[in-house]
Amino acid sequence: MTDPDVIVIGSGGGGAVIAKELGERGIHVLVLEAGPWYGNSRWPEPNKEKGAQMSSHPDDLNVFLFKQQYTKFEDEMNNLISGRLRWGPADRNRPPWFRNVMERGFIWQNSGVGGTTQSYLANSPRAFPVTVDHVWPISYRELIPYYEKAEATLPVQFSPVTAKEELFFYGAKKAGWRLIPALDVTVPGYRPQPNAILPPNKNITNAEYPEELLSWMEGCTLAGHCINGCPHGPSVDKMAKRSTLVSYVPLALRTGCVAIRPNTFATRILTGAHPGGGVQAAGVVVRDTWTGETEEIRAKVVVMAAGAIESPRLWLNSGLPGNRWVGRGLVNHYFDWVTGMFDERDLTAILGSPDINPFVGHTSGGRLDYPGLGSILVSGLSPGLTASMSFGISQAGFSFLHGPLTETTAYAQGRVTGPMLRHWMDNYRRTLSIVIFADDEVLFRNGVTVDPANKDEHGPVPKVSYVPGERGKRNRDELVKIAVDILWKAGAKKVLRADWPASLMIHMESTMRMGFVVDEYGEAYQVKRLYLADNGVHFNAIGGANPTLTTQALATRTAEKLAEKYFN
């Protein structure tokens, strides 16, 4: 595609959505993606060879390649340095792209077609209404039809219950919480996870269907390991876990109006004079990540959907008009993690089995939401990730500094190592982990700037800083108490709190806020024909709920408004 109407920068949670929506309106869209494209015949060796330049036809999607490239090996997929799902160029002979994180922690983000939705858990809750109404420039009611469209497209459904969810619900009920099986959450309570994962395969318990055959049929196999990607399905567009790589991208290609160009890093927004004064977007300067060649691509409209870090970085490196809120106000849900260990007798009485086997089923199939505080979620990671996320990351030092890991009404916290780590991992099948997402406030001090001292091949690198506010700290402590209480009520014999550092960056939002950098339709105040369609556009952290579905709903709305304004 040499003369697109719209350039979309990024193919993740927002970019793929807006491309599909615009393509269905007959608008020609070129999507630029910095990383590789897995499961496409035009890139048979995406981490070894340059391959083609772009793809615009759904017949290029290749399920056999997809299943070769998406495996269940944790290190092969999730290693932040060498894994297939990392933030870096497709060429695995080259290191990841550097971000200067000012506090302890790391940023979990993927490049590649599908963006970070490749490794997300597909959790798709809506924002809490109380965090939108009379707070955002738009109302919650106005968002609902766009939520409904995204939920139908993915699709989103309540998760099936496996052992870890059953145990979580058992503990939550005993702790006095009530079931709220609703999408619009206005009161505290627990519920099955609204997830963008296809319903379980109807033959999953039929012994006549071996596992290998089930993995080629439509529907979730409850095999777990969702975070590694998901290779279960008969075709790329029917994979069980609905990352945008397998949901919105195939739909975008079917419009016949969308082309996607991987291995292409946008380094500068081009502008021209706006007839009414000021400037307007006119195109993008890109760099081929294999050859290093640069070129200019022109379009009538440009959409930045590169994420809450790269979008402000691109704005700042492009020398666009000054706005004190560009990059500022970064919110990262203030996370923590608690794990309980159970004995066989109690589990048998509750579950009818001596084990939980936390890796089985959706990785996160249950949650408790508390508007005003945030959320806590069941999380059954595979063993390697459990060893690191549950027991290997802490700002509290080693657990032996904080008390004994024996039965008590309190809990231990901190890293476990040596014989204690072996003890927890020996009992991995009888552990239940809960992740905490605390709602934090938008603070000007937190955000993304560009580092004046460090550059890479794409310009000054992002400098990322997040220090939680008093509200985030208070909320996290309250949610930890709730999570620990649920574990005790469910019968846990030991409980360990990880006490994660604040800059463990997973849900990054609000760096290009609606009402400050962009208007209520997603268009930049200071640069006409330049739109935002990623988590950065959120006015706040939506209460602690996972942000992707809200980004997808907003991108759906932005596509509608953009088309009406410039292509009607």
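Just above sits the structure.
Residues numbered from 1 in each chain as written. Predicted model: local features only at pLDDT ≥ 70, side-chain atom pairs only at ≥ 80, totals over all residues. Heavy atoms only, no water.

Topic: the nonpolar core
Selection criterion: Grouping buried Ala, Val, Leu, Ile, Met, Phe, Trp, Tyr and Cys residues that are joined through side-chain atoms within 4.5 Å yields what is termed a nonpolar core. The buried label applies to any residue whose accessible area, calculated with a 1.4 Å probe on protein chains only, is under 20% of its type's maximum; exposed applies above 50%, and partly exposed to all values in between. Numbering of helices and strands runs from the N terminus, with a helix taken as a DSSP run of H or I at least four residues long and a strand as a DSSP run of E at least two residues long. Any two residues whose heavy atoms approach within 4.5 Å are treated as being in contact.
Membership of the largest hydrophobic core comes to 112 residues, with the highest contact counts inside it found for I9, I269, W315 and L530. A total of 8 residues in this core trace back to one element, the largest contributor, which is helix 13 (residues 548-566). Once residues within four sequence positions are removed from consideration, W315 is found in contact with M304, L320, P321, V326, M512, V517, A524, Q526, V527 and L530. Counting 41 residues, the second largest nonpolar core, distinct from the first, contains L347, V484, A492 and M505.

With respect to empty space enclosed by the protein
Gaps left between atoms show up when a probe the size of a water molecule is rolled over them. For clarity, the threshold we go by: Using protein atoms alone on a 1 Å grid, points that fit a 1.4 Å probe yet trap it form a cavity, whereas open point sets bounded by protein on both sides within 12 Å along at least five of seven lines form a pocket; residues with an atom within 4 Å of a point count as lining. Grid points are joined across faces, edges and corners, and a volume is the space filled by probe spheres set on the points. Only Asp, Glu, Lys and Arg are considered charged, only Ala, Val, Leu, Ile, Met, Phe, Trp, Tyr, Cys and Pro nonpolar, and every remaining residue, Gly among them, polar.
Across all of its chains, the model carries 7 cavities of 30 Å³ or more by this definition. There is about 90 Å³ of room inside the second largest cavity. In terms of lining, the second largest cavity is formed by 13 residues, of which the most central are C220, G224, C226, C230 and H232. Of the residues belonging to the lining of the second largest cavity, the class tally is 7 nonpolar, 5 polar and 1 charged.

Quick word on the sheet that holds strand 20 (residues 459-465)
Keep this limit in mind: The pairing criterion for strands is at least two bridges between them, as found by DSSP.
The strand order across the open sheet formed by 3 strands is 3-20-19, and the pairing between neighbours is mixed. With one partner strand each, in any of the chains shown, strand 3 (100-101) and strand 19 (447-456) form the two edges of the open sheet. Across 6 bridges, the pairing between strand 19 and strand 20 is antiparallel. Counterpart to G447 in the pairing with strand 20 is S465.

Some thoughts on the sheet that holds strand 12 (residues 301-304)
Within a sheet, adjacent strands bond to each other through the backbone by hydrogen bonds, running parallel or antiparallel. What counts is decided by this rule: An axis is simply a line fitted to the C-alpha atoms; with a helix, the fit covers only the stretch in contact. Between two such axes, the angle follows the N-to-C directions and lies from 0 to 180 degrees.
Spatially, 5 strands are ordered 8-2-1-12-25 in an open sheet, and the strand pairing comes out parallel. Strand pairing shows two members of the sheet lacking a second neighbour, strand 8 (258-261) and strand 25 (530-532), which therefore form its edges. Neighbouring strand axes in the sheet, compared pairwise and without regard to direction, differ in orientation by 20 degrees on average. Inspection of the sheet shows strand 12 paired to strand 25 by 3 bridges, in the parallel sense. Looking across to strand 25, one finds that V302 is bridged to L530.

Some words on the pairing of strand 15 (residues 366-370)
Residues in a regular strand project their side chains so that they alternate between the two faces of the sheet. Of all 5 residues that make up strand 15, 4 are buried, and the element is covered over most of its length. As judged from the 4 bridges shared by strand 6 (residues 189-192) and strand 15, these two strands associate in the antiparallel manner. Considered in strand 15, the bridge of Y190 is made with L368.

What to know about the packing of aromatic side chains
Formally: The aromatic pairing rule takes the rings of Phe, Tyr and Trp, using the six-membered ring of Trp, and pairs them if the centres are within 6.5 Å, calling planes under 30 degrees apart stacked, those over 60 edge-to-face and the rest tilted. Two conditions define a charge sitting above a ring: the NZ of Lys or the CZ of Arg must be within 6 Å of the ring centre, and it must be within 35 degrees of the ring normal.
All chains considered together, the criterion is met by 19 aromatic pairs. Pairing W177 with Y370 gives two aromatic rings, centres 5.8 Å apart and planes at 70 degrees, and the pair type is edge-to-face. You can see W177 sitting in the loop between helix 5 (163-174) and strand 6 and its partner Y370 sitting in strand 15, a full 193 residues away along the chain. One aromatic cluster in this structure is built from W325, F444, F516 and F539. Geometry around F444 places R328 over its ring, the cationic atom sitting 5.0 Å from the centre. A cation sits over an aromatic face here: R476 above Y334, 4.1 Å from the ring centre.

Concerning the packing of helix 5 against helix 9 (residues 344-351)
What counts here: Relative orientations are named as follows: roughly parallel for angles under 35 degrees, roughly antiparallel for angles over 145 degrees, roughly perpendicular for angles from 65 to 115 degrees, and oblique for any other angle.
One way to put it is that helix 5 packs onto helix 9 with a least axis distance of 11 Å and a crossing angle of 90 degrees. Taken together, the axes of helix 5 and helix 9 lie roughly perpendicular to each other. Residues A163, E166, L167 and Y170 of helix 5 lie in contact with helix 9, whose contacting residues are L347, I350 and L351. Residue composition of the contact of helix 5 with helix 9, grouped by class: 6 nonpolar, no polar and 1 charged.

A few points about helix 4 (residues 140-153)
Formally: Under the convention used throughout, the expected extent of a helix is 1.5 Å for every residue step, that is, one less than its residue count.
Here helix 4 is 14 residues long and its end C-alpha atoms lie 20 Å apart, about the 20 Å a rise of 1.5 Å per residue gives. Against helix 1 (15-23), helix 7 (248-254) and helix 13 lie the buried residues of helix 4.

Considerations on the pattern of salt bridges
The test is simple: The term salt bridge refers to a pairing of a side-chain nitrogen on Lys or Arg with a carboxyl oxygen on Asp or Glu at a separation within 4 Å.
Scanning all chains against the criterion turns up 32 salt bridges. Across the pair R84 and E76 runs a salt bridge whose closest N-O atoms are separated by 3.1 Å. Judged by relative accessible area, E76 falls into the partly exposed class, the value being 33%. With a closest N to O distance of 3.4 Å, K561 and E560 form a salt bridge.

Some points on the layout of surface pockets
Estimates place the volume of the largest pocket at around 400 Å³. Taken together, 15 residues line the largest pocket, and the ones lying closest to its centre are K72, E211, S215, A223 and H232. The element best represented in the lining of the largest pocket is helix 6 (residues 211-214), accounting for 3 residues. Tallied by class, residues from the lining of the largest pocket come to 7 nonpolar, 4 polar and 4 charged.

Looking at the side chain of Q193
Rules: N or O atoms within 3.5 Å of each other form a polar contact, as long as, within protein, one can give a hydrogen and the other can take it, and as long as residues adjacent in sequence are counted only when both atoms are side-chain atoms.
Mapped onto the elements of the fold, Q193 is located in the loop between strand 6 and strand 7 (194-195). Of the residues examined, Q193 reaches a relative accessible area of 0% and is grouped as buried. A polar atom in the side chain of Q193 sits 3.2 Å from the side chain of S364. Among the polar contacts made by the side chain of Q193, one reaches the side chain of R367 at a distance of 2.6 Å. Apart from the residues within four sequence positions on either side, Q193 is in contact with N123, P125, Q157, F158, S159, S364, G365, G366, R367 and L377.

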